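Next come the chains, spelled out residue by residue.
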Amino acid sequence: MRDAVIVEAVRTPIGRGKPGGALSAVHPVDLLAQTLRALVDRSGVEPALVDDVIGGCVDQVGEQAMNTTRYAWLSAGLPETVPATTVDRQCGSSQQAVHFAAQGVLAGAYDLVVACGIESMSRVPMWSNVPPGADPFGAAIAARYPGGLVPQGVSAELVAARWALSREEMDAFAAGSHAKAARAHADGLFDAELVPVTTPGGTVTTDESVRPGTTPEILAGLRPSFADPGFAARFPSITWSVTAGNSSPINDGASAVLIAGGDTAARLGLRPLARLHSFAVTGSDPLLMLTGVLPATEKVLRRAGLTLPDIDLFEVNEAFAAVPLAWLRETGADPARLNVGGGAIALGHPLGASGTRLMTTLVHTMRRRGSRYALQTMCEAGGLANATVLESLV
């Protein structure tokens, strides 16, 4: 059976997703284009050999409409003959793009394929694709969930309540994320994965949301972000502990990985960074919404024939501190192996780009540390989660 291997992985610095953010002056097509150009240039591959480009993007409207991935490839000056498509599995969109790309390689449909992601939340704000007054769910969903679905922040509160996660615990985790990310930047640990982005205001080379001086004491002064009397009455277990400080921020960014068949990589002289060992995607309770990482982890390990102690590194997306903390509590995994360079709370969460951002960081960290196995999983709106096991080949 063929192998699917990652032969290059890059990401942009992550900017604050608001007007004036470091990347806010760059059109999302152009932001992804710079990323794709860097991926091709760093790999040294002839771009016409790429069979497909699969990109993740969540809010596919406005400047992110019309198959952004296709126009990013063209904007980068790359061959018109290479097709592209854009997919949406919410926060896991580009991780799903990786799964589709790798599965195509394993099936023999592709020899060389790009998986990537983009989100410019400063230019296309979250929920831009749902006009005021529109119902994206329909009557049958309202009947099935008579109390109504809830925002992700309220889901994070429900997760915190179910796993008895205190405000202090979540703030300490968030401060630790900033400390790890700041240390990783200072030590140059992201240098191999970052590509500079040219903007009208100059070149951006570092993640904008990392705050090195963050402490639990500072975070303790923030007010809960999602407190609501109606939800408080409906869910009396909620303690209202989720804040802007222990949640991921709003961000801009792009990322991309180049995936090849193992035989294709050998023929083209490409150096594999990691093998895409196993994949899983799961559904879970759409009210809790963020807990899919638990069955996804179990499912991908079962498919891989591995156990938790076999895994050297974990990336569990920090949409909210409650998610990786609940994952740690439920799995018993070693916290020292989790998000070792910080996570989305510090680095940022540009929705459609986060899947391949985590994977880019993961493959470079595996190579630097000599890790054999790594596992990535992320919660996704609607009660979904992707999980991937990577195996080092270097």
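Preceding this section is the structure that the text describes.
What comes next concerns the included structure. (Residues numbered from 1 in each chain as written. Predicted model: local features only at pLDDT ≥ 70, side-chain atom pairs only at ≥ 80, totals over all residues. Heavy atoms only, no water.)

### Topic: the pattern of salt bridges
Spelled out, the test is: Any Lys or Arg side-chain nitrogen located within 4 Å of an Asp or Glu carboxyl oxygen qualifies as a salt bridge. Runs of H or I in DSSP of at least four residues are treated as helices and runs of E of at least two as strands, each being numbered from the N terminus. The buried label goes to any residue with under 20% of its type's maximum accessible area, the exposed label to any with over 50%, and the partly exposed label to all in between, with areas taken from a 1.4 Å probe on protein chains only.
Under the counting rule described, the total for this entry stands at 12 salt bridges. A salt bridge links D3 to R275, with the nearest nitrogen and oxygen atoms 3.6 Å apart. Of the two residues, D3 is situated in the segment before β1 (4–11) and R275 in strand β9 (residues 274–283); the sequence distance between them amounts to 272 residues. A salt bridge links E193 to R11, with the shortest nitrogen-to-oxygen separation between them at 2.7 Å. Here R11 lies in strand β1 and E193 lies in the loop between α6 (167–186) and β6 (197–199), a separation of 182 residues in the sequence. Assigned by exposure class, E193 and R11 land together as buried. Overlapping salt bridges, with partners in common, bring together D3, R275, R372 and E391 in one network.

### Looking at the environment of L375
What counts, and what does not: Residues count as neighbours in contact if any of their non-hydrogen atoms are within 4.5 Å of one another.
Among the secondary structure elements, L375 is positioned in strand β11 (residues 373–380). Here L375 falls in the buried class, since its relative accessible area comes to 0%. Spatially, the C-alpha atoms of L375 and A266 are 25 Å apart, while their sequence positions differ by 109 residues. Apart from residues no more than four positions distant in its own chain, L375 is found in contact with T297, V300, L301, I311, L313, F314, E315, L362, T388 and V389.

### Some points on unusual backbone geometry
At M66, a position not held by glycine, the phi torsion is positive, near 65°. Checked against the element boundaries, M66 lands in the loop between β3 (52–56) and α2 (68–75). Even without being a glycine, W127 presents a positive backbone phi close to 75°. Positionally, W127 belongs in the loop between β5 (112–120) and α4 (139–144). The exposure class of W127 is exposed, given its relative accessible area of 54%.

### A closer look at the pairing of β3
How we decide: A pair of strands counts as paired when DSSP detects no fewer than two bridges linking them. Think of it like this: strands point away, you trace from the first strand over the helix to the second, and a clockwise trace means the crossover is right-handed.
With 5 of 5 residues buried, β3 lies mostly within the body of the structure. Residues of β3 alternate between two faces, with D52, I54 and G56 on one and V53 and G55 on the opposite face, all of them buried. Relative to β5, β3 is paired through 5 bridges, and the arrangement is parallel. Bridging from a neighbouring strand, G56 pairs with G117 of β5. A crossover links β3 with its parallel partner strand β4 (residues 84–87), the connecting element being α2, and its sense is right-handed.

### Some details on the state of the cysteines
Selection rule: In what follows, a disulfide is any cysteine sulfur pair within 2.5 Å.
Taken as a whole and assessed by the stated rule, the structure comprises 0 disulfides. C91 takes part in no disulfide bond, and the closest cysteine sulfur to it belongs to C379, at a distance of 6.3 Å. You can call C379 buried: its relative accessible area is 2%.

### Notes on the packing of helix α1 (residues 28–43) against α2
Rule in force here: Axis lines are fitted through C-alpha atoms, for helices just across the contact stretch, and the angle between N-to-C directions can take any value from 0 to 180 degrees. Put simply, angles under 35 degrees are roughly parallel, angles over 145 are roughly antiparallel, angles from 65 to 115 are roughly perpendicular, and the rest are oblique. A crossing counts as left-handed when the near helix is turned anticlockwise from the far one by less than a right angle, and as right-handed when that turn is clockwise.
Their axes nearest at 8 Å, the elements α1 and α2 cross at an angle of 60°. In terms of orientation, α1 lies oblique with respect to α2. Judged by the sense of rotation from one axis to the other, the crossing of α1 with α2 is right-handed. Two secondary-structure elements touch here, α1 through V29, D30, L32, A33, L36 and V40 and α2 through T68, T69, Y71, A72, W73 and S75.

### Section: the nonpolar core
Threshold: Throughout this description, the term nonpolar core refers to a set of buried Ala, Val, Leu, Ile, Met, Phe, Trp, Tyr and Cys residues connected via side-chain atoms within 4.5 Å.
In terms of nonpolar packing, the biggest core is built from 53 residues, with L165, L290, F314 and W327 touching the most fellow members. Looking at this core, the elements with two or more residues in it are α5 (152–162), α6, α10 (293–304), β10 (313–316), α11 (322–331), β11 and β12 (384–392). With sequence-adjacent residues up to four places away left out, L165 is seen in contact with V159, A160, M170, A322, L325, A326 and R329.

### Some remarks on the pairing of β4
Strand direction decides the pairing type here: β3 and β4, joined by 4 bridges, are parallel. The residue bridging I54 from the neighbouring strand is T85, located in β4.

### Details of the side chain of T356
Put simply, the rule is: In the analysis that follows, any N or O atom pair within 3.5 Å is treated as a polar contact, provided that within protein one partner can donate a hydrogen and the other can accept it, and provided that, for residues neighboring in sequence, both atoms belong to side chains.
Residue placement: T356 occurs in helix α13 (residues 354–369). Of the polar contacts made by the side chain of T356, one reaches the side chain of S255; its length is 2.6 Å.

### Here we look at the packing of α10 against α11
At a minimum axis separation of 10 Å, α10 and α11 run at an interaxial angle of 50°. With respect to α11, the element α10 is oriented oblique. For the pair α10 and α11, the sense of crossing is right-handed. Between α10 and α11, the contacting residues are V293, L294 and T297 on the first element and V323, A326, W327, E330 and T331 on the second.

### Here we look at α1
Defined as follows: To estimate the expected span of a helix, count its residues, drop one, and scale the result by 1.5 Å.
For α1, which comprises 16 residues, the first-to-last C-alpha distance of 23 Å matches the rise-based estimate of 22 Å (1.5 Å per residue) to within 8%. When we look at burial in α1, the residues that qualify are P28, V29, L31, L32, A33, T35, L36, A38, L39, V40 and S43. On its buried face, α1 sits against β1, β3, α2, β5, β6 and β8 (251–261). Remark: G44 follows α1 within two positions and exhibits a positive phi of approximately 80°.

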